[in-house]
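What follows is the residue order along each chain.
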Amino acid sequence: MSHWKRSLCHELELQFSPSRWSHRMSADDVIRAHVAALKAGTEKARSITQTLLDVPYGDGDGEKLDVYVPSSSSPDVPLLIYFHGGYWQFLSKDESGFLAVPLVQRGVVVVAVGYSIAPKGDMDLMVSQVRRSLVSVIQQYSHISGLYLCGHSAGAHLAAMVLSTDWTQYNISPQIKGAFLVSGVYDLQPILSTYVNEPLKMTEEVAIRNSPSHFLPQLTRSSASCDIVVAVAQNDSPEFRKQSEEYFKALESAGLKVSFEDVPNTDHFNIIEQLVDENYHLTKLLLKMMGKS
């Protein structure tokens, strides 16, 4: 391999290593702290809210949902579906209820989606699973006042793919009112030559057909009325920031209702961890989107 190619590969590895861009602690420590924060937040949510755990949305082992339910029986109940991060190979729904407490307390149903991370699942399967999870939620919760999505990192990619779905093959037409895409990846091609792709084993063809940046016409047809927030951390890597900025600009140019949130004093991890706090900027923005501020 030539020197410039080695340099390019090294730089891509760095750009797609979010833990190495945190200003708070070392790369290993920030990941450990992230997992601990998500677990603690989820344990708290499970201890103080009503839950329905491991609700199947398909026949696969990983095709389960955790539902966090408000105690009030208001007819005006928005529902938020959360897709976790972890580079499609790490984390699960079992650490994904952390954001439920401030939302459930305001009368929002929160659904954390499990999907088959690599190496057990590949990218085509994961995208299919999150789409089917939404179909199942709509069928089980037909009385909700509005459907919203939130995803972090790999989960933001999956949420964007849900927004870009041709729903005719599912025989439904979901009205997704809003979507929060937090520190996501919207073009998968740059990660093909990095460590991220080792368990995923994506070819270029697979990466292209699962890149939201290639499906703007479909998103415009499927989610024209959706209110989309593209959020990125101040201390995300330049490549993560570039992907969010470019995806936002593409959505804006397509005439979609989209806003960009550059969240100060955050990195790739605490930008989502802080959703446990009802006074955090993104929590307040999410509640406002759902008419619960």
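About the criteria used
- Residues numbered from 1 in each chain as written.
- Predicted model: local features only at pLDDT ≥ 70, side-chain atom pairs only at ≥ 80, totals over all residues.
- Heavy atoms only, no water.
- UniProt positions renumbered as here; feature names shortened; annotations may be inferred.
- Pairing = 2+ DSSP bridges.
- Helix = DSSP H or I, 4+ residues; strand = E, 2+ residues; numbered from the N terminus.
- Axes fitted to C-alpha atoms, helices over the stretch in contact; angles between N-to-C directions.
- Contact = heavy atoms within 4.5 Å.
- Core = buried A, V, L, I, M, F, W, Y, C linked by side-chain atoms within 4.5 Å.
- Buried < 20%, exposed > 50% of the residue type's maximum accessible area, 1.4 Å probe, protein only.
- Left-handed = near helix turned anticlockwise from the far one by under 90°.
- Nonpolar A, V, L, I, M, F, W, Y, C, P; charged D, E, K, R; others polar.

Under an unreviewed UniProt entry, the name given to the chain is Kynurenine formamidase, and the organism recorded is Cyprinus carpio carpio. Under the heading Sequence similarities (unreviewed entry), UniProt records this for the chain: "Belongs to the kynurenine formamidase family." The annotation that UniProt attaches to the chain under Pathway (unreviewed entry) is "Amino-acid degradation; L-tryptophan degradation via kynurenine pathway; L-kynurenine from L-tryptophan: step 2/2."

S.K.: Lay out the sheet that holds strand β6 (residues 176-182) with the relevant residues and their values.
M.R.: In spatial order, the strands read β1-β2-β4-β3-β5-β6-β7-β8; together these 8 strands make up an open sheet with mixed pairing. The sheet is open, and its two edges are formed by β1 (50-56) and β8 (257-263), each paired on a single side. Averaged over all adjacent pairs, the angle separating strand axes in this sheet is 15 degrees, with direction ignored. As paired elements, β1 and strand β2 (residues 64-69) share 5 bridges and run antiparallel to each other. Looking at β2, one finds that Gln50 is bridged to Val69. Seen against the sheet, helix α5 (residues 154-163) touches β3 (78-83), β5 (146-152), β6 and β7 (227-233) and runs at an angle of roughly 145 degrees to β5. Sheet strands touched by helix α9 (residues 238-253): β6, β7 and β8. Its angle to β7, the strand with the most contacts, is close to 160 degrees.

S.K.: Tell me about the nonpolar core, and name the residues and values.
M.R.: Counting residues in hydrophobic clusters, the biggest one holds 60 residues, and the most contacted among them are Ile81, Trp88, Leu149 and Leu181. Top element by residues in this core is α5. It accounts for 8 residues. If we skip the residues at most four places from it in the chain, Leu181 touches Gly151, Ala156, Ala159, Ala160, Tyr186, Ile228, Val229, Val230, Ala231 and Tyr247. In this structure, Val35, Val104, Ile272 and Leu286 belong to the second largest nonpolar core, which totals 32 residues.

S.K.: Any details on the side chain of Ser211? Residues and values, ideally.
M.R.: Tracing the backbone through its elements, the reader meets Ser211 in the loop between α7 (204-209) and α8 (216-222). Residue class for Ser211 comes out buried when judged on its relative accessible area of 0%. When neighbours within four sequence positions are excluded, Ser211 is seen to be in contact with Met161, Tyr186, Asp187, Leu188 and Gln189.

S.K.: How would you sum up the packing of helix α4 (residues 123-140) against α5? Please name residues and give values.
M.R.: Relative to each other, α4 and α5 sit at 65 degrees, their axes nearing to 9 Å. With respect to the hand of their crossing, α4 and α5 are arranged in right-handed fashion. For the pair α4 and α5, the contacting residues are Met123, Met126, Val127, Val130, Arg131 and Leu134 in the first and His157, Leu158, Met161 and Val162 in the second. For the contact of α4 with α5, the class distribution of residues is 8 nonpolar, 1 polar and 1 charged.

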